[in-house]
Amino acid sequence: MIKLYDYLLSGNCFKIRLILSFLNLNYEKIHIEFYPSEEHKSENFLQINPLGQLPVISDDGFILRDAQAILVYLASKYDKGGTWYPVKNTDKIGMISQWLAFGDSLTGSASAARLHDTLFYHHFNIEKCRAMAHSQFRILDEHLFFQEELGNDWICDGVTPTIADIACFPYIALSEEGGISRISYPAIRRWLDRFKRIERFVVMPGVFPAGPGP
Amino acid sequence: MTNVRENNLRKIICMEKNKIYALRKKWFPIASSSDLVKRHVFQAQLLGREFAVWRADDGNVNVWENRCLHRGVRLSIGINQGSELKCQYHGWRYANRTAGCTYIPAHPADAPARTICNNTYPVKEFIGMIWSGEDAIENDFSYKELSKRTVLRPVPINAPNDLVQKNLLNYYSELNFDGLLLNDGSIEINLGGKKKILFFIQPQDSKLSVVRGVLNATLSDEKRYHFLKEQNFIIERFREKMEQISENLNLEPMVAEIEEISNDLGEPPTKEDCGRKAELRLHVSERILTSRDVVSLKLKGIEGQLPTFHPGAHIDLHLQNGLIRQYSLVNGPGETDHYRIGVKLEKDGRGGSQYIHNNVKVGDLLATSAPRNNFPLRRDSLYTIFIAGGIGITPLLSMSKALHSMELDYEFHYFVQSEKDISFKETLKILGERVIIHKGLSQENTINKVRKILQKPGYYKNLYVCGPGPMLEATLKIASDLKWADDTIHFEYFKNDRKINNDSNFEIELARSALTLTVSAGKTILEILRENGVDLPSSCEQGACGTCKVNVIRGDIDHQDVYLNATERANKNIMMTCVSRSLSDRLILDI
Amino acid sequence: MVSAFQDPVILNQWHPISSLEEINPSEKTFQTLLLDEEILYKMDKENKVLVWRKGSRDENLPTKLAYGFVWVCLGNPPETLFLFPEFDEPNRKNKATGVIGVNTSAGRAIENFCDMGHFPYVHKGILGEEPHTEVKNYDVEISDEPDEVLATNCKFFQPRANVTSTKGVDADYIYRVPHINCALLYKSSIVAGKLDVIVLFVQPMREEQIRAHTAMCIFDDSSTEKDIRLFQQLIFGQDKPILENQHPKRLPLNPRMETPIRADKTAISYRRWLLNKGLKYGTVAN
Ligand code: FES
Ligand SMILES: [Fe+2]
C-alpha cells in the first residue's frame, strides 16, 4: 500500500495526488500540517524526512522524498501504458528531466511568492520571487506556443502528457495567490485548460476545474 | 511649493485621461484568432480595461467586460459551455451574443423578472486577429482582410505603448529592414520580395504593450515554423531592450472606471412594469412547415440584439389584423440571434393561427413583445419529466435543450396523432434517446401511458406538462392521484377553455396606492385598473399565461383562470386580474 | 486609496492581529501589518501581550485580549468589543483554526463568509452540490442594540450531512456581523438546542490585503483538532481564489455597482450598514 505524507495546500504534494489519481492508484493520505503547527518540522516527521519537507511517500516501506523523484518512481513503476515517463525513450527522458528541473525551480519563485502572500513567509523577497516567476513563465509560454505550432499539446510530447506537465502544473495554476498574473501567457492558459481536462484530474483549493472540453 | 507640484500632477493626470479617452475610440487587436480555442475563455486587456473573450460553438466571438455583474468575479475564470458562459462564484449563466443572464441558480423557481446584461464591447475578426475597443466606432475600422497571412506570436512587453511604437521601426532598420509608420499607427516592415509584416501595438496598460504582427503570405509548414521562430527571436530581443529602457519608469496602472448599472438593478427586483406593449420589430427570416399543420417561424431583429429569453418564455405577436397571440419560444441556450416559434393551424380557433398560416411570409415585419416567462424551468431538479401533447411541445423543447446542455437528467414524452404531426424533428434528433414519441394513442391508452410515466414521484423530481386542455387536465389529475407534490408539477395551458362568468359587481381596494375602485359586471379588474391609470403587465388576457398576476391581501377570490395550481388557489393570496373576480364585496389587492 | 488616518471608523476600532495560541509559549517577537502600518507584538514571561509600532518600541499600543485573540487599536479605542457570550460557555472547545492571507478587502471577505449561494460551486460536495442551488427565503435585520447585522432562518442543502446519510439535508444557519470586519456563523451542534459557532475575524493589513483569522467555538467529541483545522483551511483555500478575482477588490457601497438578488439580503444590509457608518477604508462609494 502506498502512503502519502500530504499537506492539503501544498503544490508539491498536489503533484503526487495528481499522478496517483491519473494512474488510478489507491493510497492512504497522512496529513502533515504545514501550517500553523509546522508538523513537518516535528521530531516524528524528521525521522521520516530529515529535510523536513513534503511530500514523502512510503511504498510498502520504501520511503522516498522530493516531488520530482516520486513522480519518476511512481510513473516508472505503475504506469502500465508507459506514457507518463517512457523509460525506454532516451530523448524523451532527457527532455522530461529538463522540465522536471524547471518545475522544481518554481518552488523558489512562484511557490515562494504564494507562501509569502498566503502564509506570511516574510523572509522571501517577494518582488524578486515574482520577477523570477515571470521570466520562467515567459520561457514556458514561448515553448508551449511553438509546441502548439508543431501540433503538440504537452510540454514534452504531442499526444500524451508526461510527468513534466505534472511537475509544472501546480505552482503555475496557483500563481495568482502569489500575485503573479497570467494575463501575458496565453499559451500557458490554454495548456492549463487542457491539463484540467485529463481524465481523472482532481482539484485542490485554489485551482478551479475546467468545463467540459471540445 | 507642494501646491504647484500637485497642480502640475493633476494636469498631467488629466492629460493622460484625455489621451486614454481618445484611444478608447480606436480599434486594437486584443487576441489572435488562434488564441480562442474551443471552450476556452481568453483574458485580455486594453487600456486598463480587462475583457473576457470567448468563442461560442457557433463561431461567434464575445468580448465582455471581465467582471460578473453579480459580485464582480472575473468571467475569464468562468466556464465556456459552448453557448453560455458560466460564472465560477454562483453559477450565473450568460448567453452568447447578448451577455444576458439566463439563469440564476439561487432562485431556480423564478424566471428573472428583468434582464441583467453584462457589458459587451464591439468586436471584429480580421487578418487572423480579434479586434475591439471600448468605445470603438463601427465605421472607423480601416484594416483590409489579407487573403494570405501568417500571424506572428504576440509578444507582451513591459513598456509603454508609445515607446514601443517609436522604437520598433528603428529596431528593424538596424537589422537592415526598411519600413513605414502608417497613418493608422500600424508599422509596415519590408522583408523584401513583396513580403511585408504589418505590426500593431496593443496598449494593454500604462506599462504593458503587446506587439502583434502578421505577414502577408501563407507559408508551408516547415517554413512557417522557422519564420515564426525567427521573428519571435527578433521581437524578444527588442522586448529586452524596451524593458531595460523603461525598467525604472514608475507609471500608475490605467484606471478603467466601473460603469453604474441602471437604478432598478441595484436593488433586488420588485415588480415588472410593462403593459401589453409591442416593443420589438422582428422580420420573418425563415418559414417552414415543420409538420402537417405547424409552421415554424424564425424571427430576426432589425438591428441590435434581441432581449434575453429563458426556457419556457413566450412572446406576444401583434398581428397586422389587430389580434394579439402568445407563442412559446423553442430556442435553446445560446441561440440568441433569433427567436423561433411554432404555430399550429387551429381550424376553429379565434383566427390568429389562420392569419399567420395564410398571410405571414418571409420578409414580413412583425411587432412583438419582449419575451416574458411565466412558465419557468427549475434546474435544481435531479430528474425532470416532460409531457408534451401536440403543439404543447414548443416551451418544453426550449426547456429540454437547456437541461441537455447542462447535462441534467430528463425524459421527454411527445404525444402526437400520427407521424405527420411530429414537429421539430431535427431538434428532437439532437436530444436523442431521451425523447419518446407516442403516436396515435386512443384517449384511454394515452391516460394509461401517462399513468405509467408518472408512476414514481420522487426526491427532487419535477414534471412539466403542456398540451391540449383535456390531456392536461387528465395528466394533472393522474399526477395528483399518484401523490406528486403540487410544487413539483408545472403546466401551461394554451388557452382558457372555461366559460368565464363576469356577472358579479364588487369593489377593489389598492392597498399601496390607497385607491378604491368599482368593478361592475362585464368589466375585468385589469380593465378597471388600466382605466384608472394603473399599468399592469398582461399578455393572453384570458387567464392562461400568468402575466397579470397580483397578490391579494384580503377577500374571497373567484378564480376563473387555468394558471394557478390547487395549492396556490387554496392559499387565497394570488389572482389573475384578467379573468378572476371576487366572491366577497371587496378585494384588497397588493398594488 | 484612503489612508486609515482619514477614516475614524476604521481607526477607532479594535482589530484582531493574532490568536493567543499562536504567540503563546514563545517569547518571540512577531511582525505584522495593520492599516498599512508595520507593528510588532509579543507575549512576555508574565503572559502579558505587548504591541508597538515599528520604530517606537517604548510606546505600547492599546490592546485587548478577548475571544482567544489579541486586539489592537491604532486610534481611540472603543470601550467595549462586541458580545460573544458562547465563548465563555462551559463544555465548549474554543480553538483558533488558522490564519490565511488573502489579497482582497475585509468587506469582501466578510460578505463571502455570509453568502450561501456559492456553496454548490465553490465548496462543491462539501457545503453544497449542484443542482441543489436554491437559497430559500430568510430574515435579515440591522439591529441597534447590539449594533449588528443579523440573518436568521437561513437554510441550505448540504450533501451527505453525515457519513450514513445518502440524501442531503437542509442545514440551518444563523449569521451575525457584530463588527465591521468580524462575522460569526451559528449552526446546529451535537448538543440539542445548542449551536456551534464558527468565527471569522479579519485583520485589514491594507485596503486590499487581509489576514483572515478563523476559530471555532464548538461542542465536539469526535473530530480531532487537526481535522477541524484542515477543514477550515480547505474551505478558506477554496474561497481565496474567488476573492482574489473580484473586481474591484474593495467592497462597493454604491448600490449601483453590482446586481444583488433576494439571496443577497445579508450582503445588501451589510453594505448599507457600512455606508451609514461612513466607512471609507477598503470600500468604494463612487
Ligand atoms: S459573481 Fe458571478 S455569479 Fe455571483
Ligand atoms: Fe465560501
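Residues numbered from 1 in each chain as written. Chains lettered and ligands numbered in written order. Predicted model: local features only at pLDDT ≥ 70, side-chain atom pairs only at ≥ 80, totals over all residues. Heavy atoms only, no water.

Student: I keep staring at the interface of chain A and chain C and nothing clicks. Help me out?
Tutor: When the parts of a complex come together, some accessible area is lost, and that lost area is often used as the size of the interface. At the interface, 19 residues of chain A touch 22 residues of chain C. Together chain A and chain C conceal approximately 1,800 Å² of surface at their shared face, both sides included; 60% is due to carbon and sulfur atoms. On the chain A side of the contact with chain C, Glu-33, Phe-120 and Phe-208 of chain A bury the most area, a combined 26% of that side's loss. Two residues, Arg-229 of chain C and Glu-33 of chain A, come together in a salt bridge whose shortest N-O distance is 2.7 Å. If you look at where chain A meets chain C, you find six residue pairs in polar contact (both at pLDDT 80 or more). Residue composition of the side of chain A that touches chain C, grouped by class: nine nonpolar, five polar and five charged. (Contact = heavy atoms within 4.5 Å. Buried area = accessible area lost by both parts, 1.4 Å probe. Salt bridge = Lys/Arg side-chain N within 4 Å of Asp/Glu carboxyl O. Polar contact = N/O pair within 3.5 Å; in protein donor to acceptor, adjacent residues only side chain to side chain. Nonpolar A, V, L, I, M, F, W, Y, C, P; charged D, E, K, R; others polar.)

Student: Is there a simple way to think about the coordination of the iron ion (ligand 2) in this case?
Tutor: Angles at a metal have ideal values that depend on geometry: 109.5 degrees with four tetrahedral donors, 90 or 180 degrees with six octahedral donors. Residues and elements named next belong to chain C. Ligation of the iron ion (ligand 2) by protein atoms is provided by His-118 (NE2), His-123 (NE2), Asp-239 (OD) and Asp-239 (OD), these donors lying 2.1 to 2.4 Å from the ion. Taken together, the four donor atoms coordinating the iron ion (ligand 2) and their angles of 58 to 149° define a geometry best described as irregular. Here the donor residues of the iron ion (ligand 2) share one chain and are spaced in sequence as H-x4-H-x115-D. No difference in accessibility class separates His-118 from His-123, as the two residues are buried. (Donors = N, O, S within 2.8 Å, 3.2 Å for Na, K, Ca; no water. Tetrahedral: all angles 85-135°; square planar, octahedral: opposite > 155°, others 65-115°. Buried < 20%, exposed > 50% of the residue type's maximum accessible area, 1.4 Å probe, protein only.)

Student: In this structure, what is going on with unusual backbone geometry? I would like to understand it.
Tutor: Among all residues save glycine, negative phi is the norm, and among peptide bonds the norm is trans. Residue Pro-131 of chain C is bonded to the preceding Glu-130 of chain C through a cis peptide linkage, with omega at 0°. For Pro-131 of chain C, the location among the structural elements is in the loop between α4 (119-122) and β8 (139-143). With an omega of -5°, the peptide bond running from His-247 of chain C to Pro-248 of chain C counts as cis. On the secondary structure map, Pro-248 of chain C appears in the loop between α5 (225-244) and β14 (251-252). A positive phi angle is found at Lys-572 of chain B, which is not glycine, with a value near 55°. (Helix = DSSP H or I, 4+ residues; strand = E, 2+ residues; numbered from the N terminus.)

Student: Before we go on, may I ask you to explain the packing of aromatic side chains in this structure?
Tutor: When we look at a pair of aromatic rings, we describe it by the centre distance and by the angle of the planes. Residues and elements named next belong to chain B. Taken as a whole and assessed by the stated rule, the structure comprises 49 aromatic pairs over all chains. Measuring from ring centre to ring centre gives 5.0 Å for Phe-126 and Phe-141, while their planes differ by 35°; the resulting arrangement is tilted. Here the residue Phe-126 occupies a position in strand β9 (residues 123-126), and Phe-141 occupies one in the loop between β10 (129-132) and β11 (150-151), the gap between them amounting to 15 residues. Take Phe-126: its relative accessible area is 26%, and that puts it in the partly exposed class. (Phe/Tyr/Trp six-rings, centres within 6.5 Å; stacked < 30°, edge-to-face > 60°.)

Student: What is the right way to read the domain arrangement of chain A from this model?
Tutor: Residues and elements named next belong to chain A. By the assigned domains, chain A splits into domain 1 (2-78) and domain 2 (90-196). Taken over C-alpha atoms, the centre of domain 1 sits 21 Å from the centre of domain 2. Taken together, the contacts link 15 residues of domain 1 with 17 residues of domain 2. Across the domain 1/domain 2 interface, buried area totals approximately 1,400 Å², and carbon plus sulfur atoms make up 72% of it. Three residues, Lys-15, Tyr-35 and Gln-68, lead the burial of domain 1 against domain 2; their summed loss comes to 33% of the area buried on that side. The tally of links from domain 1 across to domain 2 stands at zero salt bridges. At the boundary of domain 1 with domain 2, the tally comes to five residue pairs in polar contact (both at pLDDT 80 or more). (Domains from an automatic or database assignment.)

Student: I keep staring at the sheet that holds strand β3 (residues 56-59) of chain A and nothing clicks. Help me out?
Tutor: Strand pairing in a sheet relies on backbone hydrogen bonds, with the paired strands running either antiparallel or parallel. All names here are of chain A. Ordered by their spatial adjacency, four strands build an open sheet running β2-β1-β3-β4, and the pairing between neighbours is mixed. Each having just a single partner strand, β2 (27-31) and β4 (62-65) make up the two edges of the open sheet. Averaged over all adjacent pairs, the angle separating strand axes in this sheet is 20°, with direction ignored. Sheet topology note: the β3/β4 ladder contains four bridges and is antiparallel. Residue pairing across strands places Asp-59 opposite Phe-62, the latter belonging to β4. Packing against the sheet, helix α1 (residues 11-22) makes contact with β1 (2-6), β2 and β3, and its axis sits at approximately 150° to β1. (Pairing = 2+ DSSP bridges. Axes fitted to C-alpha atoms, helices over the stretch in contact; angles between N-to-C directions.)

Student: Even after reading the chapter, I still don't get helix α7 (residues 163-173) of chain A, so can you show me in this structure?
Tutor: Given 3.6 residues to a turn, an α-helix orients residues that are three or four positions apart in the same direction. Among the 11 residues in α7 of chain A, 11 count as buried, and that is most of the element. Check the buried side of α7 of chain A and you find it contacts α1, α3 (67-78), α4 (90-105), α5 (110-119), α6 (126-149) and α8 (186-196) of chain A.

Student: Where do I start with the packing of α1 of chain A against α7 of chain A in this structure?
Tutor: Describing two packed helices takes the angle between their axes plus the distance from one axis to the other. Residue and element names in this part refer to chain A. Where α1 meets α7, the closest approach of the two axes is 8 Å, and the angle between their N-to-C directions is 140°. Relative to α7, the element α1 is oriented oblique. For the pair α1 and α7, the sense of crossing is right-handed. In this structure, α1 contributes Gly-11, Asn-12, Phe-14, Lys-15, Leu-18, Ile-19 and Phe-22 to the contact, and α7 contributes Ile-163, Ile-166, Ala-167, Phe-169, Pro-170 and Tyr-171. Grouping the amino acids of the contact of α1 with α7 by side-chain chemistry returns 10 nonpolar, two polar and one charged. (Parallel < 35°, antiparallel > 145°, perpendicular 65-115°, else oblique. Left-handed = near helix turned anticlockwise from the far one by under 90°.)

Student: Even after reading the chapter, I still don't get the interface of chain C and chain B, so can you show me in this structure?
Tutor: Listed as interface residues are 38 residues of chain C and, on the opposing side, 41 residues of chain B. Summed over both sides, the interface between chain C and chain B buries roughly 3,600 Å², with carbon and sulfur atoms accounting for 52% of that surface. We note a salt bridge from Glu-111 of chain C to Arg-71 of chain B, for which the minimum N-O separation is 3.1 Å. Scanning the region where chain C abuts chain B turns up 17 residue pairs in polar contact (both at pLDDT 80 or more). Among the secondary structure elements, those contributing two or more residues to the side of chain C that touches chain B are α3 (106-113), α4, α5 and α6 (265-277) of chain C. Element by element, the count of residues in the side of chain C that touches chain B is highest for α6 of chain C, at four residues. For the side of chain C that touches chain B, the class distribution of residues is 14 nonpolar, 11 polar and 13 charged.

Student: Would you mind showing me how to read the side chain of Asn-12 of chain A here?
Tutor: When you line up the elements, Asn-12 of chain A lands in helix α1. Filtering out sequence-adjacent residues up to four positions away, Asn-12 of chain A remains in contact with Leu-54, Pro-55, Ala-67, Thr-107 and Tyr-171 of chain A.

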